[in-house]
Amino acid sequence: MKILIISQYFWPENFKINDLALGLKEKGHEVTVLTGTPNYPKGTFFDGFSFWKKNDSEWNGVKVYRSKLIPRGNNSLQLMLNYVSFPFFASFRCFFIKEKFDKILVYEPSPITVGLPAIVMGKIKRIPYFFWVQDLWPESLTAAGGVKNKFILNFFDRITKLIYNKSEKVLVQSEGFKNYILNQGISENKIIFYPNSTETFYKPMPQDKQYLSLLPEGFKIIFAGNLGEAQSLNTLIEAARIVSEQEIDVKWVFLGDGRMKGNLEEQIKKNKLENQVFLLGAFPSEQMPNFFACADGLIVSLKKDKIFSLTIPSKVQSYMACEKPILASLDGEGARIVEISNSGFTSSAENALDLAKNVVELYNLSEEERNTLGKNAGDYFRKEFERELLLNRLISILNNE
């Protein structure tokens, strides 16, 4: 098949769609990507990219067309301009891509507007598009963006329904998404559960002295990923304070960057946790398994909100593949996966006290008991989220089998 992937985000931005594009190519398919100019998560264009420059390229045999867009910046107005500018410029770009394609796959972490260029390209090429939902709209606007204006929410609800209805199939990364989309009037036979996998480099690794030297000594919990508002990082800091007051020596390590990093630094100073909490910055995804190998547990957290209770954070799959115990500070589907796999401990979203109790419980386990939790995580990953298994399932979906 000749597959066009439409995604606002793509390499060198760090999203799971990068590996999926490579996986489809490995399976013998011809893959092309229509994406934006990279600026996530810092909100400024990556080195070598600009608004005016022609940024088209090829990456590992994948042809990449780059649409202009306004970078995310660091305020709500610029973020909204970013969400609007990509579909505008990408839809215009569709008229100048002359290649023929068999299918279109749309990858949709926010914003939902990534589906609009797919409608345009689908009509131009007379081919179907398959829409892979990572975030629910317009619910995401309220949960992550704080938008409560009914006019704006109704406007994006209508756009969302249009995009879903025009698609061949709506793929959902969590079973919890189904009822929400059904309530938007989308036919049940159009919705398919299709979860995220993770890159092949996420696997158990031996401890490496080079990475150990970058980390504090002692019992270590690692959080990896975006430092954003949705992650409820203040809950983790409050849990760290509670554990510290019990004079239990736990080191909390954050690997990543994002809009809430400054706030996180302030909270660490305010609570005098400089010897317990460490912000090491962002590292390439390929290095994460080496860091994880040095950890005693891995933590995933989200805010308390309906939409977040319906999602499975993609880092859950990456954590599981590396066979480490998981501390889940969240509600709903993500917590359910950790519980049914018996791969760690769960506490409800924003419940710092219960999270602290779970950290202490993990701390008090023997190394053998922690290894068992990690093995359970790996077993569940291979059964439900393994990369080859999900790639084959996606190809079947695209072929309408």
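Residues numbered from 1 in each chain as written. Predicted model: local features only at pLDDT ≥ 70, side-chain atom pairs only at ≥ 80, totals over all residues. Heavy atoms only, no water.

### Some thoughts on the overall build of the chain
For step 1, the next point in the chain: When helices and strands are counted, the chain shows 16 helices and 14 strands.
For step 2, the next point in the chain: In terms of overall dimensions, the chain is globule-like: its C-alpha atoms have a radius of gyration of 21 Å, near the 21 Å expected for 401 residues.
For step 3, the next point in the chain: Along the first, second and third principal axes, the C-alpha set of the chain runs to 65 × 45 × 40 Å.
For step 4, the next point in the chain: Per-residue burial for the chain yields a buried fraction of 57% across its 401 residues.
For step 5, the next point in the chain: Looking at the chain alone, contacts between residues at least 24 apart form 73% of all its contacts between residues at least 6 apart.
For step 6, the next point in the chain: A total accessible area of about 17500 Å² is found for the chain, and carbon and sulfur atoms account for 51% of it.
For step 7, the next point in the chain: Of the side-chain charges in the chain, 49 are positive and 46 negative, and the distance between the mean point of each set is 8 Å. (Helix = DSSP H or I, 4+ residues; strand = E, 2+ residues; numbered from the N terminus. Rg over C-alpha atoms; globule rule 2.2 N^0.38 Å. Buried < 20%, exposed > 50% of the residue type's maximum accessible area, 1.4 Å probe, protein only. Contact = heavy atoms within 4.5 Å. Areas by Shrake-Rupley, 256 points an atom, 1.4 Å probe, with all protein chains shown as cover. Lys, Arg positive; Asp, Glu negative; His and termini not counted. Charge placed at Lys NZ, Arg CZ, Asp CG, Glu CD.)

### Here we look at the side chain of K190
For step 1, the next point in the chain: Structurally, K190 is set in the loop between α6 (177-182) and β8 (191-193).
For step 2, the next point in the chain: No salt bridge is formed by the buried K190, whose closest oppositely charged neighbour, E168, lies at an N-O distance of 7.2 Å.
For step 3, the next point in the chain: Polar side-chain contacts of K190 include one of 3.3 Å to the backbone oxygen of Y164.
For step 4, the next point in the chain: In this structure, K190 is in contact with Y164, N165, K166, S167, E168, K169 and V170, ignoring residues within four places of it in sequence. (Salt bridge = Lys/Arg side-chain N within 4 Å of Asp/Glu carboxyl O. Polar contact = N/O pair within 3.5 Å; in protein donor to acceptor, adjacent residues only side chain to side chain.)

### Thoughts on the pairing of strand β9 (residues 219-224)
For step 1, the next point in the chain: By the criterion of burial, β9 is predominantly enclosed, with 6 of the 6 residues buried.
For step 2, the next point in the chain: Neither face of β9 is exposed, since F219, I221 and F223 on one face and K220, I222 and A224 on the opposite face are all buried.
For step 3, the next point in the chain: For β9 and strand β10 (residues 250-255), the ladder comprises 6 bridges, and the chain directions are parallel. Within β10, the residue paired with A224 across the bridge is L255.
For step 4, the next point in the chain: In this fold, β9 hands off to helix α8 (residues 233-245), which returns the chain to β10; that crossover is right-handed.
For step 5, the next point in the chain: Bridge count between β9 and strand β12 (residues 297-301): 2 bridges; the pairing is parallel. Residue pairing across strands places I222 opposite L298, the latter belonging to β12. (Pairing = 2+ DSSP bridges. Right-handed = clockwise from strand over helix to strand, strands pointing away.)

### Examining helix α3 (residues 115-125)
For step 1, the next point in the chain: Within α3, the full set of buried residues consists of G115, P117, A118, I119, M121, G122 and K125.
For step 2, the next point in the chain: Contacts made by the buried residues of α3 are with β1 (2-7), α2 (76-94), β5 (103-108), β6 (129-133) and α5 (150-166).
For step 3, the next point in the chain: Phi for R126, located one or two positions after α3, is positive at around 55 degrees.

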